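Here's the letter readout for the chains.
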Amino acid sequence: MTTFPWSAALTNLWVTAAVVLAVMLVALGVALARGGRHDGIDIVWGAGFAAVAVTTLILSAGEGDAWRRWLITALTVVWGLRLAWHIGRRNHGKPEDKRYVEIMREAKGNPNLHAFRRVYLPQGAVMWVVSLPVQLGQYGTGGGVLTTVVTVLGVLSWCVGFFFETVGDAQLARFTADPANKGTVMDRGLWRYTRHPNYFGDAAVWWGLTLLALHHLPGLVGLVSAALMTWLLAKGTGAKLLESSIGERRPGYADYVRRTSGFIPMPPREPAHR
């Protein structure tokens, strides 16, 4: 294990902060060109992480293990672009997400500044913090049994997470596309074991990327990032916010909540009734 290249890594953090800010400003510009529809930021979320990973790959040349740099970048880009594509396809032709409509209703003064302050700046800041494992993981070299173990566990966690969110999203898309399921609760496939397989999958992906950054002590900073992402998905703007109103639209949702794990996949408390 060599000395961690702090100077190069800190430079990387400043550059990626600028990249994230630029991404958010471009996203705001696109939103204004669309007549002020701001839910496009959900598409930018995944794509922004991909931009951070590629930027770091370029800047970290010669400062870390080449195979690890490419591995972290590839996993992040695959996850980010898949998520961006999925959300873009899901939202196409539908009304704007009501969360952003409510935010803009609260605007006082310049609505563009309000949108930047309430939507783009917070998401940009969270993106930069959550991406710390992707950035720090590409710097420094490491070896030994412990490094091998955490690397293998990291890849496995990423694979499990990617499976849950990809398959879960596909199962939900097929379910909602069937008119016969209108007004009913999706409790099949992975949704039988967790009410949010996609959110659990996202969390597992980021814990995997965090483990890949633990080949050096500075990678421990990434634990904060993974914990933040998990909290946002489970308690913050993810599952909790989604479930705050879904019960009103799905009469059987209360029973689904009673028998199904809220986040971590577990066997249902009792067999689902059809």
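## A few points about the nonpolar core
Move 1: In terms of nonpolar packing, the biggest core is built from 39 residues, with I41, W79, Y120, W206 and L209 touching the most fellow members.
Move 2: Those elements giving two or more residues to this core turn out to be α1 (6-33), α2 (41-59), α3 (66-91), α4 (98-105), α5 (111-130), α7 (145-177), α8 (197-212) and α9 (222-234).
Move 3: Here the element with the most residues in this core is α8; it accounts for seven residues.
Move 4: For I41, the contacting residues outside a window of four places in its chain are M24, A27, Y100, V119, Y120 and Q123.
Move 5: Listed in part, the six residues of the second largest apolar core include F175, M186, W191 and Y256.

## Let's talk about the side chain of D187
Move 1: For D187, the location among the structural elements is in the loop between α7 and α8.
Move 2: Accessibility expressed as a relative area gives 5% for D187, which makes it buried.
Move 3: At 3.2 Å, the side chain of D187 forms a polar contact with the side chain of R259.

## Description of the pattern of salt bridges
Move 1: If you walk through the whole model with that rule in mind, you get 11 salt bridges.
Move 2: Residues D187 and R259 are paired through a salt bridge, measuring 3.2 Å at the closest nitrogen-oxygen approach. Taken together, the residues span a long stretch of sequence, with D187 in the loop between α7 and α8 and R259 in helix α11 (residues 253-259) at a distance of 72 residues. Each member of the pair, D187 as well as R259, carries the same accessibility label: buried.
Move 3: Ionic contacts of the salt-bridge type, sharing partners, join the residues D187, D255, R258 and R259 into one network.

Rules behind the numbers
Residues numbered from 1 in each chain as written. Predicted model: local features only at pLDDT ≥ 70, side-chain atom pairs only at ≥ 80, totals over all residues. Heavy atoms only, no water. Core = buried A, V, L, I, M, F, W, Y, C linked by side-chain atoms within 4.5 Å. Buried < 20%, exposed > 50% of the residue type's maximum accessible area, 1.4 Å probe, protein only. Helix = DSSP H or I, 4+ residues; strand = E, 2+ residues; numbered from the N terminus. Contact = heavy atoms within 4.5 Å. Polar contact = N/O pair within 3.5 Å; in protein donor to acceptor, adjacent residues only side chain to side chain. Salt bridge = Lys/Arg side-chain N within 4 Å of Asp/Glu carboxyl O.

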